[in-house]
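Notes for the structure review
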Amino acid sequence: RDKDKQIETPLQWVSYKQKFFNTSLIANKELFKTGAKIKVSTPTDNNNIVKTFNTQLQIPFNNTNAFSFPMRMYMGPNIYSELKKMDVNLTEIIPLGWSILSLINKFFIIPIFHFLGKFISNYGIIIFILAVVIKLVTFPFTFKSTISMAKMKVLKPEIDELKKKYPNQAEFGQKQMELYSQTGVSPFGGCLPMLLQMPILIAMYRLFPASIELRQQPFLWATDLSSFDSIVSWKANIPIIHSMFGNHISLFTILMAVSSIAVTKLTSQTQPSAGADDMMAQQMKIMQYVMPVMLMFMFNKQPAALSYYYFLFNILTLAQNWIIQKFFIDEQQIHLQIQENKKKPPKQNSFQQKMQEIMKQQQEMKKGK
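Residues numbered from 1 in each chain as written. Predicted model: local features only at pLDDT ≥ 70, side-chain atom pairs only at ≥ 80, totals over all residues. Heavy atoms only, no water.

Right, let's get into the overall build of the protein chain. In terms of helices and strands, the protein chain carries 11 helices and 8 strands. In the protein chain, the proportion of contacts linking residues at least 24 apart, taken out of those at least 6 apart, comes to 71%. Surface exposure of the protein chain reaches about 22200 Å², of which carbon and sulfur atoms provide 60%. (Helix = DSSP H or I, 4+ residues; strand = E, 2+ residues; numbered from the N terminus. Contact = heavy atoms within 4.5 Å. Areas by Shrake-Rupley, 256 points an atom, 1.4 Å probe, with all protein chains shown as cover.)

Moving on to a nonpolar patch on the surface. Nonpolar side chains collect at one region of the surface, where Ile286, Met287, Val290, Met291 and Met294 lie side by side and expose about 420 Å² of accessible area between them. Summarising the element assignment, Met287 is placed in helix H8 (residues 279-299). (Patch = residues over 30% accessible without salt bridge, like charges linked within 9 Å, V, L, I, M, F, W, Y side chains within 5 Å. Salt bridge = Lys/Arg side-chain N within 4 Å of Asp/Glu carboxyl O.)

A few words now on helix H3 (residues 123-165). Taking 1.5 Å of rise per residue, the 43 residues of H3 would be expected to cover 63 Å, and the 58 Å separating its terminal C-alpha atoms lies within 8% of that figure. The sharpest bend along H3 reaches about 55° and sits at Phe139, with the proline Pro140 one to four residues further on. One side-chain oxygen of the residue at the start of H3 lies 2.8 Å from the amide nitrogen of Gly124, identifying that residue as Asn122. (Expected span 1.5 Å × (residues − 1). Bend = angle between axes of the 7 residues up to and from the residue. Polar contact = N/O pair within 3.5 Å; in protein donor to acceptor, adjacent residues only side chain to side chain.)

Okay, the pairing of strand S3 (residues 21-27) next. Looking at chain direction, strand S2 (residues 13-17) and S3 are connected through 5 bridges and run antiparallel. Across the sheet, residue Ser15 finds its bridge partner in S3, namely Ser24. Hairpin connection from S2 to S3: 3 residues lie between these consecutive antiparallel strands. By the bridge criterion, 7 bridges tie S3 to strand S6 (residues 71-77) in an arrangement that is antiparallel. The partner of Ala27 across the bridge, within S6, is Met71. (Pairing = 2+ DSSP bridges.)

To continue, consider the side chain of Gln320. Along the polypeptide, Gln320 turns up in helix H9 (residues 304-327). For Gln320, a relative accessible area of 10% translates into the label buried. Beyond its immediate sequence surroundings of up to four residues, Gln320 is in contact with Lys135, Phe139 and Thr142. (Buried < 20%, exposed > 50% of the residue type's maximum accessible area, 1.4 Å probe, protein only.)

If you want it as structure tokens, here you go:
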């Protein structure tokens, strides 16, 4: 955007970047002085110039003939490995995301991309391998999560009985946690895969649009993985639809949305069914089907590589969940195991103990009132 800014700290470098390229001026030894002025403007009298960038820098001249101020200039692509060689944190111009997202991109996604890029020229195949690697890494957590949801489904009749027996919400919550502890079931086991996978997906959402490695890389019907894979487009700017969805339809985005609904459908088979009076569970179920439609609007204008990765991830999830449900889940065996666990002394993790303590305190406070 157009902006004038004065920097009140010494600078080591100044960089102007486009989506995939940058021009940077770097001070080699001493820093540029404070008071640097930066100006970005859009010329109104020249349609051939998109933006004008101007920077006024001050060097610490000491009025001697022997004075020198070594500088370097980098003009080239925003390739992480190349910018890292400059050894001045020039990689900051690449939008890798904040905190954990940046770490995922720096130490996981980018290294895999560069390593596979040495042997494979097709980035569609590289993204496929990346999706497989991530699924393999998260498989133990997915397996544990799916088994945990199956146990919750088997326990559903007992939980419904507790709900009828203890209408008081605080008392019901306490008895519910006691049941989980007694049977060795974790109500939060199903959250693990989502907690692991969402940061990776968000990290890619930040990285892929700015990844020059994907620029002009074709795959299947997509002519450029760094842009959307339009199969239908129109010229008319339809209000709201134009700003939210764009003037086109991306096939990978549709496949992503359809596969997301299929994943939700298959996953719901292992989840305990929500009762007609459980409004929260009913709303969550509706949201599971609404979310893919919302993502379709969000991803339609994003790079095809992003929708393609999400589609692959969904297909691998479908295959993984089907295998787990087909060969590893036996509800009768799970029920027998739960009954056996009831005979043993209950084991509680620190989180369950804390939850029970909180519920007891709430119950005592209500009795006191």
